[in-house]
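Listed here are the chains, written in short residue letters.
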Amino acid sequence: MGFLLFLLLAIHVDPARAADSHGPLLTFDKREHRAMPDISNVPRIRFLTTLDFPPFEFLDAEGRLSGFNVDLARELCETLGVTAKCQIQALPFDELQTALENRAGDAVIAGISVTPDLRTKFDFSRPYLQLSARFLSMKKAAGEAVTPMKLAAGKVGVVKDTAHQAMLKAYFPNLNPVLYDDRAAMLKALKAGEVDTVFGEGLALAFWSASGEADNCCAFRGGPFYSGHFLGEGMTIMTRPDEPLAAAFDHGLLELARSGKLNELFVKYFPPGLY
């Protein structure tokens, strides 16, 4: 996310506050200490991911597994001094949990949402990337403030029966949004001028607005907005609870934040303006 100069790795914030435009809100405090657990007896670390969620995981032009999560796994292995033990394998998304349970892999790095049920079965690293919600508007309105009065003056679209619809209702209860069955229909309506603004997942909106399909129609308006309640804890690495890998990854993520390498990955894979 060229979106950011990722300068604020040590910020802690309230849910749903708008972020500074320089970076995502991650819970890394460079002053904290995370002991490195002993993983010398771990014979290998097999990361499991997917193929079809760019820029996090995808096959590049030469057919090699690439992406933010893939590079992050490699950087973690180097930082932890276990590169020789590391492997990365891609599976269909719906097979990842079963593969981890059956010991066909040791860590899932694929954006699986952390739920109370999964926490009873698995360990998770700390989040390494927060998900945000954003307003995307026709460019004529992009510079206006995000307030209930300003938004109510136009039409705001959102995909129905989603966390973003619930979040919009909670934070802007006086709005009467226009509901759409899916993101594609919502964005088509935005580009056609049927609505002035839409509210949705920041990453998806950033890539769409930068695409040829958007034809330079739109820009972010205010935000970003964060909420653990509505949007979850963020991206983490899932491991089995009988191994010390989650704690080791916590240590490695902190070291990558301190060294600036996490920032470098972020700038490499993501376009400007998301956060």
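Small disclaimer: the values here were computed from a predicted structure and weren't measured. (Residues numbered from 1 in each chain as written. Predicted model: local features only at pLDDT ≥ 70, side-chain atom pairs only at ≥ 80, totals over all residues. Heavy atoms only, no water.)

Asks: So what's going on with the overall build of the chain? Residues and values would help.
Replies: Counting its regular elements, the chain contains 10 helices and 12 strands. In the chain, buried positions account for 49% of the 275 residues. Expressed as a percentage of contacts within the chain between residues at least 6 apart in sequence, the contacts between residues at least 24 apart total 74%. Carbon and sulfur atoms provide 52% of the accessible area of the chain, an area that totals close to 12900 Å². (Helix = DSSP H or I, 4+ residues; strand = E, 2+ residues; numbered from the N terminus. Buried < 20%, exposed > 50% of the residue type's maximum accessible area, 1.4 Å probe, protein only. Contact = heavy atoms within 4.5 Å. Areas by Shrake-Rupley, 256 points an atom, 1.4 Å probe, with all protein chains shown as cover.)

Asks: A description of the nonpolar core should follow, citing residues and the corresponding values.
Replies: In terms of nonpolar packing, the biggest core is built from 31 residues, with Ile45, Phe47, Phe68, Leu72, Tyr128 and Phe249 touching the most fellow members. Beyond its immediate chain neighbours, meaning those up to four positions away, Phe249 contacts Ile45, Phe47, Leu76, Leu80, Ala107, Ser125, Ile237 and Thr239. Residues Tyr180, Leu190, Val198 and Ala214 belong to the second largest nonpolar core, which totals 17 residues. (Core = buried A, V, L, I, M, F, W, Y, C linked by side-chain atoms within 4.5 Å.)

Asks: Give a description of the layout of surface pockets that names residues and reports values.
Replies: Each pocket or cavity is described by its volume, and for the largest pocket that value is around 450 Å³. Sorting the residues of the lining of the largest pocket by element identifies α7 (202-209) and α8 (228-231) as the ones contributing at least two each. Class assignment for the residues of the lining of the largest pocket results in 11 nonpolar, six polar and three charged. (1 Å grid on protein atoms, 1.4 Å probe; cavity = no way out; pocket = protein on both sides within 12 Å on 5 of 7 lines; lining within 4 Å. Points joined across faces, edges and corners; volume = space filled by probe spheres on them. Nonpolar A, V, L, I, M, F, W, Y, C, P; charged D, E, K, R; others polar.)

Asks: Hey, could you go over the packing of aromatic side chains for me, with residue numbers and the actual values?
Replies: Enumeration according to the criterion identifies 12 aromatic pairs in this entry. Centre to centre, the rings of Phe135 and Phe199 are 4.6 Å apart; their planes meet at 45°, and the pair counts as tilted. Remark: Phe199 occurs in strand β10 (residues 197-201) and Phe135 occurs in strand β7 (residues 133-138); sequence separation between them is 64 residues. For the pair formed by Phe135 and Phe199, the shared burial category is buried. The rings of Phe53, Phe56, Phe68, Tyr128, Phe266, Tyr269 and Phe270 are connected pair by pair, giving a single aromatic cluster. Sitting above the plane of the Phe220 ring, Arg134 keeps its charged end 3.9 Å from the centroid. (Phe/Tyr/Trp six-rings, centres within 6.5 Å; stacked < 30°, edge-to-face > 60°. Lys NZ or Arg CZ within 6 Å of the ring centre and 35° of its normal.)

Asks: Explain the sheet that holds β10 residue by residue, including any values.
Replies: The strand order across the open sheet built from five strands is β9-β8-β10-β7-β11, with neighbouring strands paired in mixed fashion. Because the sheet does not close on itself, it has two edges, and the strands there are β9 (178-180) and β11 (218-220). Recorded for the sheet is a direction-independent mean angle of 30° between the axes of neighbouring strands. In this fold helix α6 (residues 183-191) packs onto β7, β8 (156-159), β9, β10 and β11, with an angle of close to 150° to the strand it touches most, β10. (Pairing = 2+ DSSP bridges. Axes fitted to C-alpha atoms, helices over the stretch in contact; angles between N-to-C directions.)

Asks: Mind laying out the pairing of β10, listing which residues take part and the relevant values?
Replies: Here β10 lies mainly inside the structure; five of its five residues are buried. Bridge count between β7 and β10: five bridges; the pairing is antiparallel. Looking at β10, one finds that Arg134 is bridged to Gly200. Looking at chain direction, β8 and β10 are connected through two bridges and run parallel. Bridged to Gly157 within β10 is Val198.

Asks: Outline the environment of Glu62, supporting the account with residue identities and numerical values.
Replies: If you trace the backbone, Glu62 turns up in the loop between β2 (58-59) and β3 (65-66). Glu62 gets classed as exposed once you look at its relative accessible area, which sits at 61%. At 3.4 Å, the side chain of Glu62 forms a polar contact with the side chain of Arg64. (Polar contact = N/O pair within 3.5 Å; in protein donor to acceptor, adjacent residues only side chain to side chain.)

Asks: Hey, could you go over the state of the cysteines for me, with residue numbers and the actual values?
Replies: Counted under the stated rule, the structure contains two disulfides. Paired by a disulfide, Cys77 and Cys86 hold their sulfur atoms 1.9 Å apart. Taking the torsion about the S-S bond as the criterion, the Cys77 to Cys86 disulfide, at about -95°, is left-handed. Note on accessibility: Cys77 and Cys86 belong to one class, buried. The disulfide bridge from Cys217 ends at Cys218, spanning 2.3 Å between sulfur atoms. (Disulfide = S-S within 2.5 Å.)

Asks: Got a sec to walk through helix α5 (residues 163-171)? Specific residues and values, please.
Replies: Side chains three or four residues apart in an α-helix point the same way, a direct result of the helix having 3.6 residues per turn. Looking at α5, one finds that the buried residues are His164, Met167 and Leu168. End-on, the buried residues of α5 take up no more than an arc of 100°, which puts them together on one face. Check the buried side of α5 and you find it contacts β7, β8, β10 and α8. (Arc of directions from axis to C-beta.)

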